[in-house]
Amino acid sequence: MSNTLYNHQEIETKWQEVWENDHLFQDSAKINPANKLYLLFAFAYPSGSGLHVGHVESKTALDILARYHRMNGKDVFFPVGWDAFGLPAENYAIKTGTPPEVTTKNAIATFERQLKRIGISYDWDNEIATCDPTYYKWTQWIFLELFSKGLAYQATGKVNWCPSCQTVLANEQVVNGRCERCDSEVIQKDMKQWFFKITEYRDELISGLDDVDWPNPTKQQQINWIGKSEGVEVDFALKNSNRQLKVFTTRVDTIAGVTFMVISPEKFAEFKLVEIQPEANKKACEDYLTASSKKTEEERKIGEKNKTGVDTGLFVTNPVTGKDVPVWIADYVLAGYGTGVVMGVPAHDPRDKAFAKKFDLEIIPVIESEDEVAYGTLINSGKYTGLSSKEAMEKIPADFTDIMKVTQNYRLRDWLISRQRYWGAPIPIVYDPEGQPHPVKQEHLPWLLPTDVDFKPTGESPLRSSVEFKERVEKLYGKGWTPEYDTMDTFVDSSWYFLRYVDSKNELQFASPEQLKNWLPVDFYMIGPEHIVLHLLYSRFFTKFLRDQGYLKFSEPFMKMRHQGMILGPDGRKMSKSKGNVINPDDVVEKFGADTLRVYEMFMGPIEADKPWDERSVVGVHRFLRRIFDLVMTEDNEVEMPRVVSKLQKTIQKVTADTPELKFNTAIAAMMEMVNVWEEHGGGLSKAQKEQFVKLLAPYAPFIAEEMWHKVNKNTIHQSEWPKADESLIQQDEIILPIQINGKLRGDLRISPAELSALSKEQIQTMAMALPSIQKRLEGQEIKKFIYIPGKIANLVI
RNA sequence: GCCGCGGUGGUGAAAUGGUAGACACGCGAGACUUAAAAUCUCGUGAUAGCAAUAUCAUGCGGGUUCGAGUCCCGCCUGCGGCACCA
């Protein structure tokens, strides 16, 4: 068999062309589905470096599902599109002057070519790209919907500012407090920004997770990100004033141990506490506020170990002890969480303790327990002494209903969506001469991204350099009117693309109600674990918002979701150009073929695991495909052999069970076993049975399967029917029944299934004990118990 | 620190509480070949033994069970996420 007929190059280019000409699997959204299955892959950014092996993994996995389910009679919708706005194209433009639309267009063309080459059965007719005005028209429309409901609003917020590049950076561009590109320290700058009020849905974003089939760790991570915590708000009365300081605490049981209060610098300014402050403390506080506002991310982290602060000279009264305690300003208190004011309990909070030690503040223990932060029994707490923490946490708020309120706090903040960047969807807002924002009129959508801009960063939004943009606004809205110069975060684009797919060419709506009803929600989403908190949370928020506006009839967009793992370099490390361990899928396709690439990646291990690339194992998979090809194309022994036929039935069962469960590695192993048996017997399958096997292979290796199928068929294998196992052909001429003594394997009974089922438990015991290997170990021993699991195992207990 | 996920041969990995290591790679020996590649055959967890076989073995220590890689408790360790969140 050394002169194999298998020429992957020839086969794969041939079928790629045929499928494309036949328009296979296209325009599926136009069907009115009886039995729909919407498969979605994570929206990809069309990077200049093209498809990498990680893309191949997730796309192949979904493609196998798509092909498998089509063969099982499902109406499969499997669309493709591009998250095409974003920074790399813009940075490239800054460097080279090439407009981002040119770079992006080229990159998309490369991806399309590569995806077709590896045989992904996308519905190309519904392809979308977020940078296309027919798409971002509706991104802008959603913005305006949010704006009209008060869920898109402007506020002054801190942004990451790179002083060297003179530009705002996205969070993802800040690595360890430094600019990803020039490595200079990023500072926080206050700028007026647009936000989406995702916090409006924070509780539903938690509870909705009960209704979806997602990996549990993923749900946990989202829940942690939202960060709901139960606690109590307490108003502490400020001495010599009629004002209060409100704090949030999860440990109201420790309130008797409050020996000071700490307020964040921002909140001290916001509350104008300087008005009631003793003159003597004013100067120091003012200096502290100025100093902390200049701190960088890095400096703030240093403060984690070495806390700073200043005494305001103000006092509040501890409601339980009646004692007056001092109020300090310190920037270890976060302005954005809770009320921005914290009650200091140095005996039971490590941060408060560090602060108290540094500034010599009183430390009073109020909980008796092994660990200072654990729950325990109250001491030094007046009338609450002796209660457990748990009891106190109920009793204390109940006793002080005038100043305490049981409440919740969340870590989740509103979503800052404005970017001082060029390559994104313009925010559809115009300002009147007084500076008030107004929505761009519906008839002016899409609100086009101007092209006459200077990409070089100047510290201002690049759109400011467009003359056309300014003129457009004045012409449409009047003299003195100005556009919003910021663009939207690309996560906005990707938060609703799965809705657009089902009606990608609709000019009147983001998607028609009929099409949405036909296909949504998404049945299965395959996406990397890196998207757990941002994209997946934002998409769920958009879905819930659009539902509340009456556009959608469901609450969760992605019913079932699984993650693909990362493909690591041969050295076991993450692939990167600088490490020189990148595997280029084009090379593998060239050398071994797309089928080999696909099957190898699926055979590497469980889909969700991170797996290192192994060049030599690729050869093994290629060998496997070639052996099949030789068996099918050249082996003409078509006399059915019961052993081989039986193995085929078992293989059909295994592949049918494993494929929809995404257990592709074990399904492939089963097919390999089948080929081993088949080869050992030098044939043994009829033509029809060979075809059944080829069908099992078809979703995994679509090109070679099609070629083998066409040896006798005219139509495509990918629209044929999935094979069914015939159990009556499964042969079991001998069962090997393992016999254990005290749970250790000591022998086995070889017996036919018919004979075995006729035997009683006692008879089996007798036969087992008669085995020489068993007998010699039973010498003079008493059998205490005999366990028999029918057909599985027998165990003698001595 | 908090939340989560892992740890099985030389390697990637299998294994509804029921024969641990399927399948594949690699390696060793052999066949074919002038030779190499490719291909094929046999072997391959460790230790001892010519062998049959025996003992040990799923990060470590306990436990439940007739029986544990799998369930429970306590550690060690690697990885991911969050992190001065009060």
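Residues numbered from 1 in each chain as written. Chains lettered and ligands numbered in written order. Predicted model: local features only at pLDDT ≥ 70, side-chain atom pairs only at ≥ 80, totals over all residues. Heavy atoms only, no water.

A. Structural detail: the overall build of chain A. Helix and strand counts for chain A come out as 27 helices and 32 strands. Its C-alpha atoms give chain A principal-axis dimensions of about 105 × 85 × 50 Å. Burial analysis of chain A (798 residues in total) assigns 53% to the buried set. Relative to all contacts within chain A whose residues are 6 or more apart in sequence, the contacts with residues 24 or more apart total 71%. Of the roughly 36,000 Å² of accessible surface on chain A, a fraction of 50% belongs to carbon and sulfur atoms. Distance between charge centroids for chain A: 2 Å, based on 97 positive and 112 negative side chains. (Helix = DSSP H or I, 4+ residues; strand = E, 2+ residues; numbered from the N terminus. Buried < 20%, exposed > 50% of the residue type's maximum accessible area, 1.4 Å probe, protein only. Contact = heavy atoms within 4.5 Å. Areas by Shrake-Rupley, 256 points an atom, 1.4 Å probe, with all protein chains shown as cover. Lys, Arg positive; Asp, Glu negative; His and termini not counted. Charge placed at Lys NZ, Arg CZ, Asp CG, Glu CD.)

B. Quick peek at the packing of aromatic side chains. Inspection of the entire model under this criterion finds 51 aromatic pairs. With a centroid separation of 6.3 Å and an interplanar angle of 80 degrees, the aromatic rings of tryptophan 447 and tyrosine 477 are classed as edge-to-face. On the criterion of sequence distance, the pair formed by tryptophan 447 in the loop between β22 (437-439) and α13 (467-477) and tyrosine 477 in helix α13 is long-range, its members being 30 residues apart. Ring-pair connections join several aromatic residues into one group, and the members of that group are Phe143, Phe147, Trp194, Phe196, Tyr201, Trp415, Phe491, Tyr538, Phe541 and Phe542. Across from the ring centre of tryptophan 19, 5.4 Å away, lies the NZ or CZ of arginine 67, which sits over that ring. (Phe/Tyr/Trp six-rings, centres within 6.5 Å; stacked < 30°, edge-to-face > 60°. Lys NZ or Arg CZ within 6 Å of the ring centre and 35° of its normal.)

C. Quick peek at helix α22 (residues 664-680). Its 17 residues give α22 an end-to-end C-alpha distance of 24 Å, which sits within 8% of 24 Å, the value for a rise of 1.5 Å per residue. Looking at the buried side of α22, the elements it contacts are α2 (53-71), α19 (594-603), α20 (615-634), α21 (642-658) and α23 (687-697). Glycine 682 sits one or two residues past α22 and shows a positive phi near 60 degrees. (Expected span 1.5 Å × (residues − 1).)

D. The arrangement of the protein's contact with RNA strand B in detail. Not every one of the 50 residues close to RNA strand B is listed here, only the nearest: Thr250, Lys307, Arg351, Met604 and Asn795. Sugar and phosphate atoms form 65% of the subset of RNA strand B atoms that lie within 4 Å of the protein. Within the side chain of asparagine 795, one N or O atom sits 2.5 Å away from a base oxygen of RNA strand B. Sorting the residues of the surface near RNA strand B by element identifies α7 (216-226), β11 (244-249), α20, α22, β29 (735-741), β30 (744-751), β31 (785-789) and β32 (793-797) as the ones contributing at least two each. In terms of residue class, the surface near RNA strand B is built from 18 nonpolar, 14 polar and 18 charged. (Near = heavy atom within 4 Å. Polar contact = N/O pair within 3.5 Å; in protein donor to acceptor, adjacent residues only side chain to side chain. Nonpolar A, V, L, I, M, F, W, Y, C, P; charged D, E, K, R; others polar.)

E. Summary view of the side chain of histidine 622. As for its position among the elements, histidine 622 is in helix α20. Owing to a relative accessible area of 9%, histidine 622 belongs among the buried residues under this scheme. Setting aside its immediate chain neighbours within four residues, histidine 622 contacts Tyr6, His8, Phe592 and Thr596.

F. Main features of the nonpolar core. Membership of the largest hydrophobic core comes to 170 residues, with the highest contact counts inside it found for Tyr38, Phe143, Phe196, Trp415, Leu499, Phe510 and Trp613. Residue contacts for tryptophan 415: discarding those within four places in its chain leaves Trp194, Phe195, Phe196, Ile198, Asp489, Phe491, Val492, Ser495, Tyr538, Phe541 and Phe542. Counting 43 residues, the second largest nonpolar core, distinct from the first, contains Leu273, Leu361, Ile364 and Phe400. (Core = buried A, V, L, I, M, F, W, Y, C linked by side-chain atoms within 4.5 Å.)

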